Amino acid sequence: MLCGLLKGESKRDTLSVARTDSLEKTFVALPYAFYAPETNLAFGAGLLYSSLPAGSKIGGRPSTLKSSFTYTLNNQLLLVIWPELYFEQELWFFEAYLN
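Residues numbered from 1 in each chain as written. Predicted model: local features only at pLDDT ≥ 70, side-chain atom pairs only at ≥ 80, totals over all residues. Heavy atoms only, no water.

## Digging into unusual backbone geometry
Here is step 1: Of note, Asn-40 is a non-glycine position whose phi angle comes to about 70°, a positive value.
Here is step 2: The residue Asn-40 is located in strand β2 (residues 40–52) in this model. (Helix = DSSP H or I, 4+ residues; strand = E, 2+ residues; numbered from the N terminus.)

## Side note on the environment of Leu-77
Here is step 1: Position of Leu-77 among the secondary structure elements: in strand β4 (residues 77–87).
Here is step 2: Assessed through its relative accessible area of 69%, Leu-77 is described here as exposed.
Here is step 3: Taking the C-alpha atoms as reference points, Leu-77 and Gly-44, 33 residues apart in sequence, are found 9.5 Å from one another. (Buried < 20%, exposed > 50% of the residue type's maximum accessible area, 1.4 Å probe, protein only.)

So, in structure tokens, the structure goes:
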């Protein structure tokens, strides 16, 4: 199955407006289970933490930390951590994929 998203750019005002609310934080945890012939039955959880600091621009990008923890019945433990962090009002960006 092929899925895609097409996003168009609209013309916006270039005026920067600072957010006045406090930190906006989101935390989501989802359990999962699957079977593969190589690993037998596996189960774990996917986690997502997202925050948008106060003072960021309206429509600014949030910093996110995605991770997943998986255990298989073949005694395998898998850990994936994927941070995407923005600093200095999106002037600096850090991204990593740790497996």
